[in-house]
Amino acid sequence: MRYVVVGLHAAGRSACQWLRKASPAAEIIGVDPSPLPVYSRPLISYVLAGEMAPPGMGVADDDFWNRLGVSVLADKAVGLEAGHGRLLLKSGQELAYDRLLLACGARPRPVETAGDAAGEVCFFRGRRDLDKVLARVRPGGTAAVLGGGLVGFKLTMGLLKRGMQVTLIVTSPRPLSLNVDAYVGQWVGERLQNTPGVTLLTSTSVTSIDTGTDKPLRLALDSGAALDVDLVAAGKGVLPNTGWLADSGLECDYGVLADAFLRSSDERVYVAGDLAQAPDIVHGDRRTNAVWPVAVEQGRVAALNMAGLRAEYAGSLAMNAIPVFGSRMISVGLVNPSLTRGCDFVDVGTPRGSYLKLVFREERLVGAVGLDAPPRLGELAFAVKRGLRRRDIPAGWLANVQNAAPLAAPGGALVGNARFG
Amino acid sequence: MLKKTVIVRPELCVGCMQCMIRCAQAHSQSKSLACAIREEILAKPRIHLGVGPENKPFPNKCRHCEPAPCQEACMPWAIRDDIAQGLKIVDPTRCIGCGMCAMACPYYVIRFYQDAGAPERPSVAVKCDGCHERVAAGAIPACVAACKTGALTFDEVNLYLKQGTNRLANAVYGVKA
């Protein structure tokens, strides 16, 4: 049996580990164009902020892949003939497979704007983007960050730490509008506005980016204002890397469509990570959830199914935890105000200065958002997966969230080595 | 033989918190209670006492799940496997304190403190490590050693389940166990 895994980051690496556990003797080939060691992409924001040295991002070196018995090809997959079971590589090599996992992720969503310097926008997805941003950092200079999502926020804080004056330009009325509810979004917006060195422009978009005179770049905003900056960086979300699969015969929509076993429309091809348009628990449809824990979990489930062990995927769930201004912000499931119309909200009694809100749809828990709340989001995420109803949450839990016994804990004896999946 | 693990019976817990104190002591630099409270970076307990219905105590610690949601969520790969003892152990020198693990943990057992294992970091994930060093040296986990009521025991799971079967049999036949 020959397994080929395209992409060796979160989903691909997890899949290789589980393929090896499930098939000790199988041949596993990993295809990834980036040089080893494989690094953890989300850590680039920590390097930008100066909180970590670049080598700290490396997580899987030659030794790791050798011990796992995975042959790594430093090559790029450029075509797939699903009907014939053949993967075409950039080097011209053709790779036959018995089971293929597509885990080649996503790329930054391009910024659509006019101007002769529109191509100068830096993105923030991988090591090369980080190098590009770092090369343009000028302590004491000015930067513009487009996009008020988590990446935009991290870029802003990172550039600020590098000594730049940052203008964060957000199309929505408040930052993090897709990730958190109005209260937390407002809170983050106020903190940003009060942070020396940061200018927050909400409900604003950039109309053109041109070569400037005083500074390298000049941005024209839809408000009519102009902004001279040394650096423009954008975090506008990601698009699945489906371009090279156009003639593959696989069913693609936004990403590559996957069923409840993470199998694509071809029975030998599986899909995991940011590329996979797979069932989503709270939305009920198939969509991509480009977050780390989902990618790793999908890699595991896809690997088990590739190895012939039937593992049903419960569905993905959007979840995020990031430190913001010394506080810890957490969100899971449905919290975006545009998606929670008609839902019931329960504010949980939390210790002073913290905030935790649960979102219920038709009595079932579908989301939660918190700020400095006790770190109980894992419990809530599992409660969302189990379809926990409002009446199943003990009053004692809601009244004493700091110290209450966990929701997920079964009664009676509790044994180590709980099993999931 | 299966690996031994810490087995929790919350119904026997009286909420004395001795397990928390001994856990912190076992994870201190000095391993001595009198000295541990004077250490610059205070060791913290990795077992916590939750409050259940009617204020009943609930000892709560890491279950060392497999697959572990915390390990899957960890971006810098700071949670490693101790395969010999079946444990998931946080490496404080790799932890960046992002909070993803606590977000993924279904049991609310991960906390964030400064840790003597990585004093340069303001806060890292702190959770039960199964007292792997003590166990490797032939001792039992500190929380179990501290527990006077049998709420925490260190046993092989099937043996424990067999004892449970015996207790059930005694209950059915009206014999006080």
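As the structure is a prediction and not an experimental result, all values here were calculated from the model.

This part covers the interface of chain B and chain A. Taken residue by residue, the interface counts 43 residues in chain B and 48 residues in chain A. Taken together, the two surfaces of chain B and chain A that pack against each other cover about 3,900 Å², and 62% of this comes from carbon and sulfur. At the junction of chain B with chain A, the criterion picks out two salt bridges. One salt bridge connects Glu72 of chain B with Arg300 of chain A, and the closest N-O pair in it is separated by 2.6 Å. Counting the contacts that link chain B with chain A gives 11 residue pairs in polar contact (both at pLDDT 80 or more).

With that out of the way, let us pick up the sheet that holds strand β24 (residues 327-333) of chain A. Residue and element names in this part refer to chain A. Here we have five strands laid out as an open sheet, ordered β23-β24-β27-β26-β25, and antiparallel in their pairing. Unpaired on one side and paired on the other, β23 (319-324) and β25 (344-347) mark the two borders of the sheet. Going across the sheet, the axis of each strand differs from the next one's by a mean of 20°, ignoring polarity. The strands that helix α5 (residues 150-161) touches are β23 and β24; relative to β23, the one it contacts most, it runs at about 20°. Sitting on the sheet, helix α8 (residues 377-386) is in contact with β23, β24, β26 (355-361) and β27 (364-371), with an inclination near 160° to β27.

Here we take up the domain arrangement of chain B. Residue and element names in this part refer to chain B. The domain boundaries assigned to chain B delineate domain 1 (1-61 + 129-177) and domain 2 (63-127). Look at where the C-alpha atoms of domain 1 and domain 2 centre, and you get two points 20 Å apart. At the junction of the two partners, domain 1 supplies 15 residues and domain 2 supplies 21 residues. Together, the buried faces of domain 1 and domain 2 total about 1,500 Å²; carbon and sulfur atoms form 55% of this surface.

Basis of the calculations
Residues numbered from 1 in each chain as written. Chains lettered and ligands numbered in written order. Predicted model: local features only at pLDDT ≥ 70, side-chain atom pairs only at ≥ 80, totals over all residues. Heavy atoms only, no water. Contact = heavy atoms within 4.5 Å. Buried area = accessible area lost by both parts, 1.4 Å probe. Salt bridge = Lys/Arg side-chain N within 4 Å of Asp/Glu carboxyl O. Polar contact = N/O pair within 3.5 Å; in protein donor to acceptor, adjacent residues only side chain to side chain. Pairing = 2+ DSSP bridges. Helix = DSSP H or I, 4+ residues; strand = E, 2+ residues; numbered from the N terminus. Axes fitted to C-alpha atoms, helices over the stretch in contact; angles between N-to-C directions. Domains from an automatic or database assignment.

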